[in-house]
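Structural overview
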Amino acid sequence: MTTPLLDRAALAPLGETPAAVRTRLLSELDAFEAHLPGREADWTRVQPGRDWTPAQEAEHVALINESIARVLALLLSDREVRPAPQIPGELSPQGRRVAPPHTRPSETGLTWAEWPARWAQGRAALEAVTADLRATPGRTLWHPYFGELDALDWGRMVAAHLAGHRRALERSAGA
C-alpha cells in the first residue's frame, strides 16, 4: 500500500457534516469567482511567487473542479468503483505540491473571454453532484496527496483546493 504525503485529517476543518462541507464548498466557489473579475489587467502575467498566470490558475482550477465532479458522481452512484493506481503526488524542490499532468494548465491558460463560461460549467457540475453529498464508506478513490478518500472527503478536498488557489491569487494581487 502506498503512503499518502499528507494526513487526510487536515481536511476535517472543512466541515463535519455533508451539509457543512457543501456550504463551505459553495462559499469557496463564490469567493474564487468573486476574485477573478479584478484580475483582467494581469490575467496573462506570471504572478510574484507563482509559476502560473491568473489565466493558468483559473484553467487549473476549472480542470480540477470538472474532474472532481466526475469523481463525486461515481462515488455517490451505484456504479462499480475500480481500483486506481496508487501513485503519490510529487513535491517541488520548494516543498509545494505539483499538479498531476492531467490537471496542468495550457501555456496560455484560459482567455479572458472564455473563463466565465468554463467556470460556470465546472461550478454547475460541482453544485449538482454535491446536492446529495454524503459519506461513502467502502467507496473511495485514490488522491495523490491524501490517499483513499470517500465522497465527503473529496468534497472537503475540492473546497480546500479552491481556498488555496484563491488565497495565492489574492496574495499575488497585493504583491
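Predicted model, so just to flag it, every value in this text is computed and none were measured. (Residues numbered from 1 in each chain as written. Predicted model: local features only at pLDDT ≥ 70, side-chain atom pairs only at ≥ 80, totals over all residues. Heavy atoms only, no water.)

Turning our eyes to something else, we now look at the side chain of Asp150. Looking at the secondary structure, you find Asp150 in the loop between strand 2 (147-149) and helix 4 (151-174). With no salt bridge to any partner, buried Asp150 finds its closest opposite charge in Arg156, at an N-O distance of 5.2 Å. Of the polar contacts made by the side chain of Asp150, one reaches the backbone nitrogen of Thr136; its length is 3.0 Å. A distance of 2.9 Å separates a polar side-chain atom of Asp150 from the backbone nitrogen of Asp153. (Helix = DSSP H or I, 4+ residues; strand = E, 2+ residues; numbered from the N terminus. Buried < 20%, exposed > 50% of the residue type's maximum accessible area, 1.4 Å probe, protein only. Lys, Arg positive; Asp, Glu negative; His and termini not counted. Salt bridge = Lys/Arg side-chain N within 4 Å of Asp/Glu carboxyl O. Polar contact = N/O pair within 3.5 Å; in protein donor to acceptor, adjacent residues only side chain to side chain.)

This brings us to the confidence of the model for the protein. Here the protein averages 93 in pLDDT, while 97% of its residues score no lower than 70. The secondary-structure element of the protein with the lowest mean pLDDT is strand 2, recorded at 94, while helix 1 (residues 18-35) shows the highest, at 98. (pLDDT = per-residue confidence, 0-100.)

This brings us to the pattern of salt bridges. Evaluated as defined, the whole model comprises 13 salt bridges. Two residues, Arg166 and Glu28, come together in a salt bridge whose shortest N-O distance is 3.1 Å. Pair noted here: Arg166 is in helix 4 and Glu28 is in helix 1, with a separation of 138 residues, a long-range link. Each member of the pair, Arg166 as well as Glu28, is classed as buried. Linking Asp51 and Arg96 is a salt bridge whose minimum nitrogen-to-oxygen distance equals 2.7 Å. In this pair, Asp51 sits in the loop between helix 1 and helix 2 (54-75) while Arg96 sits in the loop between helix 2 and helix 3 (115-129), placing the two residues 45 residues apart along the sequence.

Let's shift gears to the nonpolar core. In terms of nonpolar packing, the biggest core is built from 37 residues, with Ile68, Leu72 and Trp154 touching the most fellow members. At the level of secondary structure, the elements contributing two or more residues to this core comprise helix 1, helix 2, helix 3 and helix 4. Of the residues forming this core, the biggest block, 10 residues, is contributed by helix 2. In contact with Leu72, not counting residues within four places along its chain, are Leu126, Val129, Thr130, Leu133, Ala151, Trp154 and Gly155. (Core = buried A, V, L, I, M, F, W, Y, C linked by side-chain atoms within 4.5 Å. Contact = heavy atoms within 4.5 Å.)

A word on helix 1. Taking 1.5 Å of rise per residue, 18 residues should cover 26 Å, and helix 1 covers 26 Å from first to last C-alpha, within 8% of that figure. Residues of helix 1 that are buried: Val21, Leu25, Glu28, Leu29, Phe32 and His35. One side of helix 1 carries all its buried residues, which in axial view fall inside an arc of 135°. Exposed residues on helix 1 whose side chains face more than 90 degrees from its buried face are Ala19, Thr23 and Ala34. (Expected span 1.5 Å × (residues − 1). Arc of directions from axis to C-beta.)

With respect to the helices, strands and loops of the structure, Arg134 is situated in the loop between helix 3 and strand 1 (141-143). Look at Arg134 and you get partly exposed, because its relative accessible area is 36%. It is 31 Å that separates the C-alpha atoms of Arg134 and Gln56, two residues lying 78 residues apart in sequence. When neighbours within four sequence positions are excluded, Arg134 is seen to be in contact with Pro18, Leu76, Ala151 and Leu152. Looking at Arg134, its side chain comes within polar contact range of the main-chain oxygen of Leu76, at 2.8 Å. Here Asp132 takes part through its backbone oxygen, which lies 3.3 Å from a polar atom of the side chain of Arg134.

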